[in-house]
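In case you want the letters, here they are:
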Amino acid sequence: MVADGGNGRLQLFDAANPRLCRNAWRAGEGSPGTAGFDPVSNLVLVADTGADARVQVFDAMTYGYVLTLGTTGSSGAGNSQFAIPSGIAVDPAHARIFIGDRQNDRVQAYAIGPAV
């Protein structure tokens, strides 16, 4: 998986046979900056560092859209907003996702599944 923000695309590659499988993010859908993968839930997270200011979540098996973290097109400092989401870290042992929110100087934490 390669987040190519300069060209506005997310490219997916076959790990067993290094070749391009598909473009999962098309030009005009935002600006993918960084991506993360959770091997437990099979979720792929992509930070949109452009004007949409969001994190898109996809199913790693089908590459189908699952949900959006953040309010699309509404940059800000609220709990449901980002201002340049720029880094993603996944902690599968504790079922948490951490997203760097560069312009707000913070890290937002999300639960991957139900709290135990």
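Residues numbered from 1 in each chain as written. Predicted model: local features only at pLDDT ≥ 70, side-chain atom pairs only at ≥ 80, totals over all residues. Heavy atoms only, no water.

### Things to note about the sheet that holds strand 10 (residues 106-111)
Okay, so step 1: With respect to topology, three strands assemble into an open sheet ordered 8-9-10, the strand pairing being antiparallel. In this open sheet, the two edge strands, each paired with only one partner strand, are strand 8 (85-91) and strand 10. Taking each pair of neighbouring strands and ignoring which way they run, the sheet shows an average axis angle of 20°.
Okay, so step 2: Taken together, the six bridges between strand 8 and strand 9 (residues 96-101) define a ladder with antiparallel strand orientation. Counted as the bridge partner of Val90 is Ile97 from strand 9. (Pairing = 2+ DSSP bridges. Helix = DSSP H or I, 4+ residues; strand = E, 2+ residues; numbered from the N terminus. Axes fitted to C-alpha atoms, helices over the stretch in contact; angles between N-to-C directions.)

### Comments concerning the packing of aromatic side chains
Okay, so step 1: According to the stated counting rule, one finds two aromatic pairs in the structure shown.
Okay, so step 2: Their ring planes at 80° and their centres at 6.4 Å tell us that Phe58 and Tyr65 sit as a pair that is edge-to-face.
Okay, so step 3: We classify Phe58 as buried; its relative accessible area is 9%.
Okay, so step 4: Ring plane angle 45° and centroid distance 6.5 Å describe the contact between Phe82 and Tyr110, whose orientation is recorded as tilted. With Phe82 in the loop between strand 7 (65-69) and strand 8 and Tyr110 in strand 10, this pair connects stretches of sequence that are 28 residues apart. (Phe/Tyr/Trp six-rings, centres within 6.5 Å; stacked < 30°, edge-to-face > 60°. Buried < 20%, exposed > 50% of the residue type's maximum accessible area, 1.4 Å probe, protein only.)

### Quick notes on the side chain of Gln108
Okay, so step 1: Tracing the sequence through the fold places Gln108 in strand 10.
Okay, so step 2: Side-chain polar atoms of Gln108 contact the backbone oxygen of Gln81, separated by 2.9 Å.
Okay, so step 3: There is a polar contact of 3.3 Å between the side chain of Gln108 and the side chain of Tyr110.
Okay, so step 4: What Gln108 contacts, discounting residues up to four positions off in sequence, is Gly78, Asn79, Gln81, Phe82, Ile97, Phe98, Ile99 and Asp101. (Polar contact = N/O pair within 3.5 Å; in protein donor to acceptor, adjacent residues only side chain to side chain. Contact = heavy atoms within 4.5 Å.)

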